[in-house]
Amino acid sequence: MASAGERPYLNLIGGEWGPATGGATTADRNPARTDEVLATFPSAGREDAARAAEAAAKAFPGWAATPMPKRGDILRKAADLFEQRLDVVAEALTREEGKTLGESKGEVARGVSLLRYYSGEALQPTGDVYPSASPSTFLYAERVPLGPVALITPWNFPVAIPTWKVAPALAFGNTVVFKPAELTPLTAWHLTDVLDKAGLPPGVLNLVVGRGSQIGPALVESPPIKAISFTGSNAVGSRLAAQCAERGIKFQLEMGGKNPVVVLNDADLEKAVELTIQGAMLSTGQKCTATSRVIVHRDVLSGFRDRLAARASSLKVGDGMKADTYMGPLVSADAEKTVLEYIEVGKTEGAKLIAGGTKLVGGDYDRGYFVAPTVFDRVRPDMRIAQEEIFGPVVAVIEARDFEEAVTLANDTRFGLSASVVTRDLGLALRFIREIQAGIVHVNSQTAGAEPQVPFGGFKGSSSGTREQGKAAREFFTQIKTVYLDPP
Ligand code: ADP
């Protein structure tokens, strides 16, 4: 149960914390120690989703009419409360998702920054004044809220992603139904709890914990819901997009990646290895911006590959709560199964395993979902391991004969979220920036990482073309009302 003085781990609908209709519950488990149950949460269904949407609809007129600076004050207060709770939430994050405590602290700190950023955004202009052809007309365009919105989020960044959706949705006057991933309800509960304690009126933010396959469709079909913001798999995202299009509501999707690091022949190889390892192995490779391909200039291939294999094999894998752990477990049995299957696919396709490739067993490893950091060499671009998102600690080394081929290979994917180039040549870096088809480009830094104040999102199959974070969030969470105001 929740600690003393805290609310119980329940859904929040219309300002009331309560169980799922029918009383179903689900256990929140630690992927590093699957015998450890962190908490029990409701397993809500369609009826709860519909009630949450109704509650958000009821609260909408009052929240939309609340002055924006006042909304910003509540977000700022939530940021302070979240910051005071940083260590508690970070530990919850490591214990329910598996990433290391250091990464978890960074993620919660990012959640705090996002809340602060959007509290400041609530003091920014909400529109533009235009010159009118008529001398008497005051012509302006104002950004107004959409209405009740549904936010469907994944387990891999269970603090940062919900925060970068919830905070702008609220700042711009929308009310929210928040549907976190089934695997990470505890962090979702903390975020909801601090916003509730910061003074959100009842129904402005509703939390529904339960199965996506039940709640997702119920939310999309729910008449009060005016927009969906989703981060997750392409399979679910494209289905949601079709349903939203059918209903004529706005949607935003952030989905998979197959992000490349391109290592050119003038690169500092030590640095290139470190960036590849960070991008591929931190968070156990479970980031949409994780590095999953490293495309290496032929001249430096052998030196790079040997260093990469050695570094991957040296990483300490274990419980993320331990100070010396570099890489934690995979999030679930399903995730582990998928990753191990892809490793088999890679071997069958003829790629050469040069590090890892196995489930880790013995001692504490037997209690969780641990897979060794894995590097495949001699990967051809048409192999499944070079094309499909694996979402685990697996990186594919692909040889390129020159810069041109490296860029062609980097772009040879249906995804386009993030990409990185390692080089000392400014001219080639600039060409890479121009020619790469990715929403986020790094030069001499790893593929992962996103600051709150800049747009985040992908090209091609990685995204619906919309962007999140920074000013971009305003585009999604508002609609424009153009006003021609003339004297009577
Ligand atoms: P992953 O688990 O790989 O991150 P998913 O797309 O399965 O990706 O999950 C992302 C989010 O979408 C989760 O909150 C999940 O519960 C939710 N979800 C799953 N199935 C559906 C669905 N049919 N409709 C809407 N949301 C769903």
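Residues numbered from 1 in each chain as written. Predicted model: local features only at pLDDT ≥ 70, side-chain atom pairs only at ≥ 80, totals over all residues. Heavy atoms only, no water.

*Asks:* Sorry if this is basic, but what is going on with the pattern of salt bridges here?
*Replies:* Pairing is possible between side chains of opposite charge, provided their charged atoms come close. Summed over the entire model, instances satisfying the criterion amount to 30 salt bridges. Residue E468 pairs with K165 through a salt bridge whose shortest N-O separation is 2.9 Å. Residue E468 is located in the loop between β20 (459–460) and α15 (472–477), and its partner K165 is located in helix α5 (residues 160–171); the two are separated by 303 residues in the primary sequence. Neither residue differs from the other here; E468 and K165 are each classed as buried. As a salt-bridge pair, E182 and K179 come within 3.6 Å of each other at their nearest N and O atoms. (Salt bridge = Lys/Arg side-chain N within 4 Å of Asp/Glu carboxyl O. Helix = DSSP H or I, 4+ residues; strand = E, 2+ residues; numbered from the N terminus. Buried < 20%, exposed > 50% of the residue type's maximum accessible area, 1.4 Å probe, protein only.)

*Asks:* Whenever I open this one, the site of the ligand confuses me. Can you help?
*Replies:* What surrounds the ligand is a group of 19 residues, the closest being T153, W155, K179, E182 and S233. Between K179 and the ligand, the recorded distance is 2.6 Å, taken from a side-chain N or O atom to an oxygen atom. Separating an oxygen atom of the ligand from a side-chain N or O atom of E182 is a distance of 2.7 Å. For the ligand, whose unbound accessible area comes to 550 Å², protein coverage reaches 80%. Secondary structure elements with two or more residues in the shell around the ligand: α7 (212–221), β10 (227–231) and α8 (234–247). It is α7 that contributes the most residues to the shell around the ligand, four residues altogether. Classifying every residue of the shell around the ligand by side-chain character gives nine nonpolar, seven polar and three charged. (Near = heavy atom within 4 Å. Polar contact = N/O pair within 3.5 Å; in protein donor to acceptor, adjacent residues only side chain to side chain. Areas by Shrake-Rupley, 256 points an atom, 1.4 Å probe, with all protein chains shown as cover. Nonpolar A, V, L, I, M, F, W, Y, C, P; charged D, E, K, R; others polar.)

*Asks:* Looking at this structure, how should I read the packing of aromatic side chains?
*Replies:* Describing an aromatic ring pair means giving the distance of the ring centres and the angle of the ring planes. Considering all chains together, one arrives at nine aromatic pairs under this definition. Considering the side-chain rings of W155 and F391, the 5.6 Å spacing of their centres and the 80 degrees angle between planes classify their relative orientation as edge-to-face. Here F391 lies in the loop between α12 (384–387) and β16 (394–400) and W155 lies in the loop between β7 (148–152) and α5, a separation of 236 residues in the sequence. Overall, the relative accessible area of 18% leaves W155 in the buried class. Three or more aromatic residues link up through ring pairs in this structure, and these residues are Y9, W17, F41 and W189. For R71, the ring lying beneath its charged end belongs to W63, and the centroid distance is 6.0 Å. Positioned above the aromatic ring of Y326 is the side chain of R311, whose terminal nitrogen or guanidinium carbon lies 5.8 Å from the ring centre. (Phe/Tyr/Trp six-rings, centres within 6.5 Å; stacked < 30°, edge-to-face > 60°. Lys NZ or Arg CZ within 6 Å of the ring centre and 35° of its normal.)

*Asks:* Just to check I follow, could you spell out the sheet that holds strand β21 (residues 478–485) for this structure?
*Replies:* Hydrogen bonds between backbone atoms are what pair the strands of a sheet, whose relative direction is either parallel or antiparallel. What the three strands build is an open sheet, ordered β5-β6-β21; its pairing is antiparallel. The sheet is open, and its two edges are formed by β5 (127–130) and β21, each paired on a single side. Across this sheet, the average inter-strand angle for adjacent strands is 20 degrees, counted without regard to direction. In terms of strand pairing, strand β6 (residues 138–145) meets β21 through eight bridges, oriented antiparallel. The residue bridging F138 from the neighbouring strand is L485, located in β21. (Pairing = 2+ DSSP bridges. Axes fitted to C-alpha atoms, helices over the stretch in contact; angles between N-to-C directions.)

*Asks:* Can you walk me through the environment of M281 in this structure?
*Replies:* Within the fold, M281 resides in helix α9 (residues 269–281). Taking the relative accessible area as the measure of exposure, M281 reaches 1% and is therefore buried. The spatial distance from the C-alpha of M281 to the C-alpha of M327 is 6.6 Å, given a sequence separation of 46 residues. Sequence-distant contacts of M281, defined by excluding residues within four places in its chain, comprise L315, Y326, M327, P373, T374, P393 and V395. (Contact = heavy atoms within 4.5 Å.)

*Asks:* I would appreciate a short explanation of the side chain of K99 in the present structure.
*Replies:* Within the secondary structure, K99 sits in the loop between α3 (86–97) and α4 (101–121). Residue classification places K99 among the buried positions, given a relative accessible area of 2%. Here N156 takes part through its backbone oxygen, which lies 2.8 Å from a polar atom of the side chain of K99. Apart from the residues within four sequence positions on either side, K99 is in contact with L93, T94, S104, E107, N156, F157, S283 and G320.

*Asks:* Hey, could you run me through the confidence of the model for the chain in this one?
*Replies:* Low-pLDDT stretches of the model should not have their predicted coordinates read in fine detail. In this model, the chain carries a mean pLDDT of 96, and residues with pLDDT of at least 70 account for 99%. Low pLDDT, under 50, characterises residues 1–5; the predicted model gives this stretch six contacts beyond four residues in sequence or across chains. (pLDDT = per-residue confidence, 0-100.)

*Asks:* Explain the packing of helix α2 (residues 68–84) against helix α6 (residues 185–197) to me, please; I cannot follow it from the model alone.
*Replies:* For any two helices packed against each other, the geometry comes down to the angle between their axes and how far apart the axes lie. The N-to-C vectors of α2 and α6 enclose an angle of 130 degrees; their axes lie 8 Å apart at closest approach. Classified by the angle their axes make, α2 and α6 are oblique. Where α2 crosses over α6, the two elements pack in a sense that is right-handed. When α2 is examined against α6, the residues I74, L75, K77, A78, L81 and F82 are found in contact with a partner set consisting of H190, L191, V194, L195 and K197. By residue class, the composition of the contact of α2 with α6 is eight nonpolar, one polar and two charged. (Parallel < 35°, antiparallel > 145°, perpendicular 65-115°, else oblique. Left-handed = near helix turned anticlockwise from the far one by under 90°.)

*Asks:* Mind showing me how you'd approach the side chain of E121 here?
*Replies:* Within the element layout of this structure, E121 appears in helix α4. A relative accessible area of 4% means that E121 is categorised as buried. The residues touching E121, leaving out its near neighbours within four places in the chain, are M68, F172 and K471.

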